[in-house]
Amino acid sequence: HHYNLFEKYPLTYIYLRENRYDFLIIFGKAEREKYEKERDTFPKEIRDIYDSSKTYHDGKWMMIPAADLDTLEAVKRLIMIKKKPNRYVHNQYGN
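> Hey, could you go over the side chain of Thr-71 for me, with residue numbers and the actual values?
In this fold, Thr-71 is placed in helix α3 (residues 69–82). Discounting residues that sit within four places of it in the chain, Thr-71 has contacts with Glu-45, Ile-46, Ile-64, Pro-65 and Ala-66.

See below:
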């Protein structure tokens, strides 16, 4: 069997700007549902970007400019929503 190490899209695209980073994060349906459960814990700036981002047939495309640590921390949390959990689980005997 061949396993694709990448999902349909990478976790994020990063665009380097002169004084900030821009992150493009694409959320599918399951990720949008996870975000909605945690929505109120995100800064207003992130909520506004989420609300104003267009949803296409393949997901919600969010471009997030990050020029400060608070925004970077929020982006990190968005990426963790997108990241799939590690499916490799071993038992107490290491098998």
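> Account for the nonpolar core, naming residues and giving values.
Counting 16 residues, the largest nonpolar core has Ile-25, Phe-27, Tyr-35, Ile-64 and Leu-78 as its most contacted members. For this core, the secondary-structure elements that each account for two or more residues are β2 (21–27), α2 (44–52), β4 (59–66) and α3. Considering every element that reaches this core, the biggest residue donor is α3, with five residues. What Leu-78 contacts, discounting residues up to four positions off in sequence, is Ile-25, Phe-27, Tyr-35, Phe-42, Ile-46 and Ile-64.

Rules behind the numbers
- Residues numbered from 1 in each chain as written.
- Predicted model: local features only at pLDDT ≥ 70, side-chain atom pairs only at ≥ 80, totals over all residues.
- Heavy atoms only, no water.
- Helix = DSSP H or I, 4+ residues; strand = E, 2+ residues; numbered from the N terminus.
- Contact = heavy atoms within 4.5 Å.
- Core = buried A, V, L, I, M, F, W, Y, C linked by side-chain atoms within 4.5 Å.
- Buried < 20%, exposed > 50% of the residue type's maximum accessible area, 1.4 Å probe, protein only.

Functional significance is not addressed by these values, which are geometric in nature.
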